[in-house]
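A closer look at the structure
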Amino acid sequence: MQASAMAAADSTKIEGFWSNWKCQAMELLYWRNLKQSGLVFGSLLLLLFSLTQFSVVSVVAYLALAALSATISFRVYKSVLQAVQKTDEGHPFKSYLDVEMSLSHDQMQKYAENVQYYINSTLKELRRLFLVQDLVDSLKFAVLMWLLTYVGALFNGLTLLIMVVVSMFSMPVVYEKYQAQIDQYVDLIRTQVNSVVAKIQEKIPGAKRKAE
């Protein structure tokens, strides 16, 4: 009973953590706090642009050195300050050192189950597409892959990541401001696409989905 209660408490904590994380992510993407969003956005861009000039190992090493320089300097500064003022405030990072960072067995199992679920779902979907369980879906996937060949020829992976980050921090704000107009155009495009797909289904034997 006690183990079950602890597992339920851990599960509640995890759900609360993810819910809080999602709320914070939405606030960042919608620029609710300009300073925080600007700091995160600038840091991500700086990291990605650094990766375009240096190797991953070099970037990680430089970031670690920068962090260590800051923490060591602050640690020495606080020690000198305590010696001069003859105070005993203790370690300046004690509150952070006391934070529990370990994951329980139940938490690890929950994360592993989630990863397993996504992997299995992805494998099943890829099997369905490559073995043409539904001709229309496989054709859509083929068109997407064909378009990605042109995207890959124009941009490398890091450039695409930079574009994704810029889009993540700009598109939500644009959509929020012009939601009505964007929804109207999206509905129009969806109607046209559905019309084209319907015509393809009529002309290609076996393309029509079986009624559920």
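The rules behind the values
Residues numbered from 1 in each chain as written. Predicted model: local features only at pLDDT ≥ 70, side-chain atom pairs only at ≥ 80, totals over all residues. Heavy atoms only, no water. UniProt positions renumbered as here; feature names shortened; annotations may be inferred. Helix = DSSP H or I, 4+ residues; strand = E, 2+ residues; numbered from the N terminus. Salt bridge = Lys/Arg side-chain N within 4 Å of Asp/Glu carboxyl O. Buried < 20%, exposed > 50% of the residue type's maximum accessible area, 1.4 Å probe, protein only. Contact = heavy atoms within 4.5 Å. Expected span 1.5 Å × (residues − 1). Core = buried A, V, L, I, M, F, W, Y, C linked by side-chain atoms within 4.5 Å. Patch = residues over 30% accessible without salt bridge, like charges linked within 9 Å, V, L, I, M, F, W, Y side chains within 5 Å. Areas by Shrake-Rupley, 256 points an atom, 1.4 Å probe, with all protein chains shown as cover. Axes fitted to C-alpha atoms, helices over the stretch in contact; angles between N-to-C directions. Parallel < 35°, antiparallel > 145°, perpendicular 65-115°, else oblique. Nonpolar A, V, L, I, M, F, W, Y, C, P; charged D, E, K, R; others polar. Phe/Tyr/Trp six-rings, centres within 6.5 Å; stacked < 30°, edge-to-face > 60°.

1. Concerning the UniProt feature "transmembrane region" (unreviewed entry) in the protein chain
According to UniProt, the positions carrying the feature "transmembrane region" (unreviewed entry) are residues 39-68 and 154-175. The distance separating the terminal C-alpha atoms of residues 39-68 is 20 Å; by composition the span is 93% helix and 0% strand. Between the first and last C-alpha atoms of residues 154-175 the distance is 27 Å; the span itself is 91% helix and 0% strand.

2. Some remarks on the pattern of salt bridges
The final tally for this structure, using the stated rule, is six salt bridges. We note a salt bridge from Lys 94 to Asp 98, for which the minimum N-O separation is 2.9 Å. Classification of Lys 94 as partly exposed rests on a relative accessible area of 46%. Here Asp 137 and Arg 128 are joined by a salt bridge, their closest N and O atoms 3.0 Å apart.

3. Focus on the side chain of Gln 82
Topologically, Gln 82 is positioned in helix α3 (residues 56-85). What Gln 82 contacts, discounting residues up to four positions off in sequence, is Thr 87, Asp 88, Glu 89 and Gly 90.

4. Re helix α6 (residues 135-154)
When the terminal C-alpha atoms of α6 are compared, their 29 Å separation across 20 residues agrees well with the 28 Å that a helix rising 1.5 Å per residue should span. Every buried residue of α6 is accounted for by Val 136, Asp 137, Ser 138 and Phe 141.

5. Examining α3
Compared with the 44 Å implied by 1.5 Å per residue over 30 residues, the 43 Å span of α3 between its first and last C-alpha is a close match. Those residues of α3 hidden inside the fold are in contact with α2 (34-53). Lys 86 lies just past α3 and shows a positive phi near 55 degrees.

6. Thoughts on unusual backbone geometry
Unusually for a residue other than glycine, Trp 31 sits at a positive phi of about 55 degrees. Structurally, Trp 31 is set in the loop between α1 (2-29) and α2. By relative accessible area, which is 24% here, Trp 31 ends up partly exposed. We note that Val 132 has phi near 50 degrees; this positive angle belongs to a residue other than glycine. Structurally, Val 132 can be placed in the loop between α5 (105-130) and α6.

7. Here's the deal with the nonpolar core
Counting seven residues, the largest nonpolar core consists of Leu 29, Phe 41, Leu 45, Leu 48, Ile 162, Val 165 and Phe 169. Secondary-structure elements contributing two or more residues to this core are α2 and α7 (157-177). Beyond its immediate chain neighbours, meaning those up to four positions away, Ile 162 contacts Leu 45, Leu 48, Phe 49 and Thr 52.

8. Quick notes on a nonpolar patch on the surface
There is a patch of nonpolar side chains on the surface, built from Val 115, Ile 119, Leu 123, Leu 126, Phe 130 and Leu 131 and spanning about 610 Å² of accessible area. Among the structural elements, Ile 119 can be located in helix α5.

9. Side note on the packing of α5 against α6
Interaxial distance between α5 and α6 falls to 8 Å at its minimum, and their mutual angle equals 100 degrees. The pairing of α5 with α6 is recorded here as roughly perpendicular in orientation. Mapping the contact onto sequence places Leu 126, Arg 128, Leu 129 and Phe 130 in α5 and Asp 137, Ser 138 and Phe 141 in α6. Within the contact of α5 with α6, the residues separate by chemical class into four nonpolar, one polar and two charged.

10. Topic: the packing of aromatic side chains
Aromatic ring pairs are defined here through the distance separating the ring centres and the angle between the ring planes. One pass over the structure, following the stated rule, counts eight aromatic pairs. Where Phe 74 meets Phe 93, the ring centres are 5.6 Å apart and the plane angle is 50 degrees; that geometry is what we call tilted. Taken as a pair, Phe 74 in helix α3 and Phe 93 in the loop between α3 and α4 (94-97) lie far apart in primary sequence, 19 residues in all. Look at Phe 93 and you get partly exposed, because its relative accessible area is 23%. With 5.2 Å between their ring centres and 85 degrees between their planes, Trp 146 and Tyr 150 make a pair best called edge-to-face. Of the two residues, Trp 146 and Tyr 150 are both situated in helix α6; the distance of four residues between them amounts to about one turn of the helix. Grouped by ring-pair contacts, the aromatic residues Trp 31, Phe 41 and Phe 169 constitute a single cluster.

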